[in-house]
Amino acid sequence: MKQFTSVNDVVDLQKLVEEALKLKASPFAFEELGQRKTLGLVFLNPSLRTRLSTQKAAANLGMQVMVMNMDKEGWALETQDGVVMNGSTVEHIREAAAVMGQYCDILGLRSFPKLTDREEDYSEDLFNKFIQFAGVPVVSLESATRHPLQSLADLITIQEHKQSPKPKVVLSWAPHIKALPQAVPNSFAEWMTRAASEGLIDFSITHPKGYELANSFTGNTPLYYNQHEALKNADFVYVKNWSSYEHYGQMPEVTENWMLTEDRIAIHTKVMHCLPVRRDLELSSSILDGPQSLVIQEAGNRVWAAQSVLKQLLENL
Ligand code: SN0
C-alpha cells in the first residue's frame, strides 16, 4: 500500500480485515516495525476518535507521532494557485505540505468539505495537492468526500459481530440540525459495495427523497425511500445524517420522522454510528444505552483499522 485515501487503495479487502483482527489479538506483534519512523497527523477540522486511535495505532507499531492542529495552531493556509497572497492566508499548501513531508515518513490529513461548491469539494483539490507536495505516503483522516479509516473499522465490526455468513447491512439516513458532509456515507457505501461484491454482506440504503448519494459511491445498491421496508430483517443498521448531494449542502425538507428508535428494529438488529452522535436527534438514547448498540465497539476498532493500514504503509516504505 502506497497511500490510503479510499477502498481503491486496498488490494485484498478480506486480508486487511483479517490483519486488523490479528492486530487486535496481538497489538504489539509488530512494535519494531515503526521504530525511528515518524507519523504526522494534520487536522484542519476537529477530531476525537481519529486522532486518538491513529496515535495509539502508531505507538503500538513503535512509531513517533506529531500532531498539528493546523486550524487552531498553524498559519492560515492558501490552497489556490496563482493568487497574490496579500490577504489573510499566510502560507501556501505547496510549502506547508512539502515541509511536513521533510519531518515525517507518513502523513495523515483531515479536511472537511466546505459544502458550498460541489465541484470543488468532489475534486478533492486540497487533498490531492497535499498528497502531491508532501512527497510521502498520505493517510486520509477524512477528506471532503470519504472517511476510509472509519469504513474499515465498520467492516471489521460487522465481521466481528455477524451471526450469519452474509448479514444484511442497511445504511439509514438520520435527522440533524446542521448540514453535514457526505464523506461518511459515501465511504461506507463504497466499502460495503465492495464487500457485497465479494459476497461478504447484503447491502442496501434508505433515505428520504432528495438525499441521494453520488452514484459513483453507491453503484447498483438497492435504495428504499421507505425506512420501515428497508429495515426488515436487517442484521446491522448504520445510522448517519448527511446533507443533499443534488441540492448541494442543502437540507431538503423531510416531513416524516427518520430518527431510529427501538420499535423500528428487530431484537437481533445491531446499530452502528461513526460518532459523534446527537442523542435523541439522530438516534434514540435507549438504543445507544442498550444491548443493540455497537457504537463503542466500533470506535474501539478504529485502532485496529488504523494499525493495519499503517503496518501496510510501513512495510512499503
Ligand atoms: C462529521 C461528519 O462528517 O459527519 C465527522 C464524523 C466523523 N460530523 C460532524 O461534523 C458532526 C457535527 C455536529 O454538529 O454534530
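A.B. asks: Tell me about the pattern of salt bridges, and please be specific about residues and values.
C.D. replies: When charged atoms on two side chains of opposite charge get close, those side chains can pair. Summed over all chains, the structure comprises 12 salt bridges. For Lys129, the salt bridge is made with Asp81, and the minimal N-O distance between the two is 3.7 Å. In this pair, Lys129 is assigned in helix H6 (residues 125–134) and Asp81 in the loop between strand E3 (77–78) and strand E4 (91–92), connecting sequence segments 48 residues apart. Classification of Asp81 as partly exposed rests on a relative accessible area of 38%. Several salt bridges share partner residues, and in doing so they unite Asp81, Arg94, Asp125 and Lys129 into one network.

A.B. asks: Can you explain the environment of Ala57? Please cite residues and give values.
C.D. replies: Mapped onto the secondary structure, Ala57 falls in helix H2 (residues 49–60). C-alpha separation for the pair Ala57 and Tyr224, spaced 167 residues apart in sequence, amounts to 37 Å. With near-sequence residues (within four places) excluded, Ala57 lies in contact with Val303, Ala306, Gln307 and Leu310.

A.B. asks: A description of the sheet that holds strand E9 (residues 223–224) should follow, citing residues and the corresponding values.
C.D. replies: Here we have five strands laid out as an open sheet, ordered E9-E8-E7-E10-E11, and parallel in their pairing. Two strands close off the open sheet at either side, each with one partner strand: E9 and strand E11 (270–272). Strand direction decides the pairing type here: strand E7 (residues 168–173) and strand E8 (residues 202–206), joined by five bridges, are parallel. For Ser172, the partnering residue across the bridge sits in E8 and is Thr206. Sheet strands touched by helix H8 (residues 183–197): E7, E8 and strand E10 (236–240). Its angle to E8, the strand with the most contacts, is close to 150°.

A.B. asks: Lay out the site of the ligand with the relevant residues and their values.
C.D. replies: By nearness alone, every residue bordering the ligand is listed as Phe112, Glu142, His147, His176, Lys178, Leu180, Pro181, Lys240, Leu275 and Arg278. Between an oxygen atom of the ligand and a side-chain N or O atom of Glu142, the distance comes to 2.8 Å. A distance of 2.7 Å is found between an oxygen atom of the ligand and a side-chain nitrogen or oxygen belonging to Lys178. Relative to its unbound accessible area of 410 Å², the ligand is 85% covered by the protein chains. For the shell around the ligand, the residue count by class is four nonpolar, two polar and four charged.

A.B. asks: Explain the environment of Glu282 to me, and be specific about the residues and the numbers.
C.D. replies: Along the chain, Glu282 falls in the loop between E11 and helix H11 (285–288). Residues Glu282 and Leu16 lie 266 residues apart in sequence; the distance between their C-alpha atoms is 31 Å. Beyond its immediate chain neighbours, meaning those up to four positions away, Glu282 contacts Ala174, Pro175, His176, Val239, Asn241, Met259, Leu260, His273, Pro276 and Val277. A polar atom in the side chain of Glu282 sits 2.8 Å from the side chain of His273. A polar atom in the side chain of Glu282 sits 2.9 Å from the backbone nitrogen of Arg278.

A.B. asks: Mind laying out the packing of aromatic side chains, listing which residues take part and the relevant values?
C.D. replies: Under the criterion given, the structure shown has eight aromatic pairs. Here the aromatic rings of Phe188 and Tyr238 are separated by 3.8 Å at their centres, their planes lie at 10°, and the arrangement is stacked. Highlighted residues: Phe188 in helix H8 and Tyr238 in strand E10, separated in sequence by 50 residues. The class of Phe188 is buried, set by a relative accessible area of 0%. Tyr238 sits in the buried class, given a relative accessible area of 1%. An aromatic cluster is built from Tyr122, Phe217, Tyr245 and Tyr248, whose rings are joined through pairwise contacts. In this structure, Arg118 packs its charged tip against the face of Tyr245, placed 3.9 Å from the ring centre. Its guanidinium or amino end placed over the ring of Tyr225, Lys209 lies 5.0 Å from that ring's centre, counting from NZ or CZ.

A.B. asks: Give me H8: which residues, what numbers.
C.D. replies: Look at H8: 21 Å from first C-alpha to last across 15 residues, which is about the 21 Å you get at 1.5 Å a residue. Every buried residue of H8 is listed here: Ala183, Val184, Pro185, Asn186, Ser187, Phe188, Ala189, Glu190, Trp191, Met192, Arg194 and Ala195. Following H8 by one or two positions, Gly199 adopts a phi angle in the positive range, close to 80°.

Rules used in this analysis
- Residues numbered from 1 in each chain as written.
- Predicted model: local features only at pLDDT ≥ 70, side-chain atom pairs only at ≥ 80, totals over all residues.
- Heavy atoms only, no water.
- Salt bridge = Lys/Arg side-chain N within 4 Å of Asp/Glu carboxyl O.
- Helix = DSSP H or I, 4+ residues; strand = E, 2+ residues; numbered from the N terminus.
- Buried < 20%, exposed > 50% of the residue type's maximum accessible area, 1.4 Å probe, protein only.
- Contact = heavy atoms within 4.5 Å.
- Pairing = 2+ DSSP bridges.
- Axes fitted to C-alpha atoms, helices over the stretch in contact; angles between N-to-C directions.
- Near = heavy atom within 4 Å.
- Polar contact = N/O pair within 3.5 Å; in protein donor to acceptor, adjacent residues only side chain to side chain.
- Areas by Shrake-Rupley, 256 points an atom, 1.4 Å probe, with all protein chains shown as cover.
- Nonpolar A, V, L, I, M, F, W, Y, C, P; charged D, E, K, R; others polar.
- Phe/Tyr/Trp six-rings, centres within 6.5 Å; stacked < 30°, edge-to-face > 60°.
- Lys NZ or Arg CZ within 6 Å of the ring centre and 35° of its normal.
- Expected span 1.5 Å × (residues − 1).

Function cannot be inferred from these measures alone, as they are strictly geometric.
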